[in-house]
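Chain and residue survey
The primary structure of each chain is shown beneath.
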Amino acid sequence: MNPLLNVHNLQVYFYNDNKEELKAVDGVSFQVYKGETVALVGESGCGKSVTSLALLRLIDSNGKIVGGEILFDNTDLLSLSEKQMQTIRGKDISMIFQEPSTALNPVYTIGDQIIEAIILHQKVSYREAHNRAIDMLKLVGIPDPEKRLNEYPHELSGGMKQRGMIAMALSCHPQLLIADEPTTSLDVTIQAQILELIGDLQRQFNMAVILITHDLGIVADMADRIIVMYAGKIVEEGKRYDIFKKPSHPYTIGLLRSIPRLDIEQEKLDSIPGIVPDPAHFPNGCRFRNRCPLEDEKCIIQPEKSQVDGDHYVYCHHWTQIEGIKDVTLQNEGQQCSFKN
Amino acid sequence: MRSENRRIIKKFFFNTSSIIGFSLLGMFIIISIFAPWIAPPKEGKNPYMMPIVTWSSNPQPPSPEHPFGVAGKRDIFYGVIWGTRTAFQVGIIVTAISTLIGLFIGSVAGYYGKFIDEVLMRITDVFLAIPFLVAALVLTTILGSGLDKVLIAMTVFGWMYPARLIRGNILQAKEEQYVMAAKALGVRNLFIILRHVLPNTIFPVLIQASMRMGSLVITAAALSFLGVGSPQGYSDWGALLNYSRNWMLGGQGEALRYWYMTVFPGVAMILFVLSWNLVGDALRDVFDPRLRV
């Protein structure tokens, strides 16, 4: 099957005031198939948001997509004109943002904004768009949609706003939805509802979702496949089960160990020693090497993609030794895994 | 009615200073509309020219015939009444055109940034570097006298203030996530500026415009007073003051002898400026979210 989205060797560089090159995304390749959920995971500044913005070609003016291909439905998005790109944004690829309270324009009602999105991409009358907006609000579970349609963002709660945002993003039935930390600003009960809603709508529209998050709890719930990024590069990718069951990159292991857990007693949460390197001065070779317990002279060379098994790939010279130093024990699927030194 | 609109109306009309501002403004509007009835012009004459009522060049104090007195052979009452129309013309035309130019230049500079911003802002700086009154004075002298020349001069040197203001606001607003969200929906740049950025940034400009409306009238009066503004005999508060130039210090031991020459046009001007400032304050109170309680 052809992938819906095929990103090949994507490179996005930013330039700071000293004209230094910041390789925010450096040679990232991945595929997204119709109807599946792919999670991009990593800590702040690892390039996951930049990757997603690059898919819509919305990189800030101080950054540039320097190389690579983004094939969406077999068209290279990087070769399209800005005008053609505008017809794809919002119609074929939509995005929902982290902060629903700032992503909605405060001077328009929620209805105005949904209607704008519909009229922008579909040749329908205002009346028709208005009715569709009501249907969309109903679909995302907003009670009394006729009334809510005429309310301004400040009159709605956080969860309600995020539902409105989703209604706006999905109003033209996109094939791919990019959700950039969609639940970070919401409280936990609302988080679960929003995630469930995205999942439901995804099945209903047979839509692919790229979920960007640093919250592995969300990933364990929703993702079909997981891509772990570190310092602008993919370090490990695989099916959800594989990543949780057999994490093969030292960074992935570090991430999993730093999740607070209820089933083991810990005085202090584990963390990965050191800090993310400055993007202007990434170490050559493996970018994780100065924080990695397995580092040796081999790591000066950028590791190749190695197949762990099936669809599970890792970029590390020492992945075979992982289990040698870290006793990884796992209980059943996904969420439940524990590591001991 | 929507609660938001109700709140705006309430704020507008239940606040002493905005009531004063709006009633003063209303009074001036009524005066300018009914000028032909309050001070009927002579038939066949340009009503904006103050008719000559006496051949003596000495000022005459208020009398039943000339309630505000006579200055420079002309009726002050007539000049004050028809001068209201001139004041509105100057204020509205200059403010509207300079605000539009400023909005355009400021939004282009702020939204596109980089090189365009640099060029436009340096041009703005050059215009700002020249003192406004001096610049307007020189330009009016070059263009020749006449009210239209005054308007041109004041517009040419007046667009920088709204341009700067809107640029700053746009720089702030364009980083907002809803602009990114609109882009992600495929909205065109022009519509992003018009629909998403400007409505969030325009209110300070409108408030500034209403405040400037009053002060522009003072500047126009200053130009007329200096003799480069409206032509001889044109109904204009500044021109009336110009007539009083030689009499201002009074005479024969009475400093306030010719008080009526300055007081009536002066009071008209003060009230006009005051009304616009109070209206501007009222607009700010209603639209500036930081002042909401």
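Notes on the overall build of chain B
Counting secondary structure elements, chain B contains twelve helices and two strands. Ordered by position from N to C terminus, the α and β elements of chain B give α-α-α-β-β-α-α-α-α-α-α-α-α-α. If you line up chain B on its principal axes, its C-alpha atoms span 75 × 50 × 40 Å. With 293 residues in all, chain B has 42% of them scored as buried. Of all intrachain contacts in chain B linking residues separated by at least 6 positions in sequence, the fraction that spans at least 24 positions is 69%.

Thoughts on the overall build of chain A
In terms of regular secondary structure, chain A is built from twelve helices and 14 strands. Relative to the globule expectation of 20 Å for 341 residues, the C-alpha radius of gyration of chain A, 21 Å, shows essentially globular dimensions. Summarising the internal contacts of chain A: among those between residues at least 6 apart in sequence, 65% fall at separations of at least 24.

Description of the interface of chain A and chain B
With 20 residues of chain A at the contact, the number on the chain B side is 16 residues. Mapped onto the side of chain A that touches chain B, the elements with two or more residues apiece are α2 (82–88), α3 (100–103) and α4 (110–121) of chain A. Take the side of chain A that touches chain B: its biggest share by element is three residues, from α4(A). Classifying every residue of the side of chain A that touches chain B by side-chain character gives ten nonpolar, seven polar and three charged.

Quick word on helix α8 (residues 188–205) of chain A
All names here are of chain A. In this model, α8 (18 residues) spans 26 Å end to end at C-alpha, consistent with the 26 Å of a helix rising 1.5 Å per residue. Of all the residues in α8, the buried ones are Q191, I194 and I198. Seen end-on, α8 carries its buried residues on one side only, within an arc spanning 70 degrees. Within α8, the exposed residues directed more than 90 degrees away from the buried face are T189, R203 and Q204. On the buried face of α8, the contacting elements are α7 (158–170), β7 (176–180) and β8 (208–213). Positive phi shows up at N206, right after α8, with a value of about 50 degrees.

Considerations on the sheet that holds strand β9 (residues 225–230) of chain A
Residue and element names in this part refer to chain A. If you trace the eight strands from one edge of the open sheet to the other, you get β6-β7-β8-β3-β9-β10-β12-β11, paired in mixed fashion. Strand pairing shows two members of the sheet lacking a second neighbour, β6 (93–96) and β11 (306–309), which therefore form its edges. Geometrically, the sheet is characterised by an average inter-axis angle of 20 degrees between neighbouring strands, direction not taken into account. By the bridge criterion, four bridges tie β6 to β7 in an arrangement that is parallel. Following the sheet pairing, I93 is matched in β7 by L176.

So, the packing of helix α4 (residues 76–112) of chain B against helix α5 (residues 114–129) of chain B
Residues and elements named next belong to chain B. At their nearest, the axes of α4 and α5 sit 7 Å apart, and the two run at 145 degrees to each other. Taken as a pair, α4 and α5 cross one another with a handedness that is left-handed. Residues I105, V108, A109, G110 and Y112 of α4 form the contact with α5, whose own contacting residues are K114, I116, D117, L120 and M121. Residue composition of the contact of α4 with α5, grouped by class: seven nonpolar, one polar and two charged.

Points about the confidence of the model for chain B
Averaged over chain B, the pLDDT score is 82; the fraction of residues at 70 or greater is 95%. Reported for the predicted complex are a pTM of 0.75 and an ipTM of 0.77.

Comments concerning helix α9 (residues 177–184) of chain B
Among the eight residues of α9(B), seven are classified as buried, and the element is accordingly described as predominantly covered. Listed in full, the buried residues belonging to α9(B) are B:Y178, B:V179, B:M180, B:A181, B:A182, B:K183 and B:A184. Its buried side turned inward, α9(B) meets β6 and α3 of chain A together with α8 (160–173) and α10 (189–225) of chain B. Looking one or two places after α9(B), you find B:G186, whose phi comes out positive at around 90 degrees.

What to know about unusual backbone geometry
Residues and elements named next belong to chain A. Phi at N74 is positive, roughly 70 degrees, even though this residue is not glycine. Position of N74 among the secondary structure elements: in the loop between β4 (63–72) and β5 (75–76). Phi at N206 takes a positive value of approximately 50 degrees, unusual for a residue other than glycine. Secondary-structure assignment places N206 in the loop between α8 and β8. According to the C-beta neighbour criterion, N206 is exposed, with 10 such atoms within 10 Å.

The rules we used
Residues numbered from 1 in each chain as written. Chains lettered and ligands numbered in written order. Predicted model: local features only at pLDDT ≥ 70, side-chain atom pairs only at ≥ 80, totals over all residues. Helix = DSSP H or I, 4+ residues; strand = E, 2+ residues; numbered from the N terminus. Buried ≥ 20, exposed ≤ 12 C-beta atoms within 10 Å, placed from the backbone. Contact = placed C-beta atoms within 7 Å. Rg over C-alpha atoms; globule rule 2.2 N^0.38 Å. Nonpolar A, V, L, I, M, F, W, Y, C, P; charged D, E, K, R; others polar. Expected span 1.5 Å × (residues − 1). Arc of directions from axis to C-beta. Pairing = 2+ DSSP bridges. Axes fitted to C-alpha atoms, helices over the stretch in contact; angles between N-to-C directions. Left-handed = near helix turned anticlockwise from the far one by under 90°. pLDDT = per-residue confidence, 0-100.

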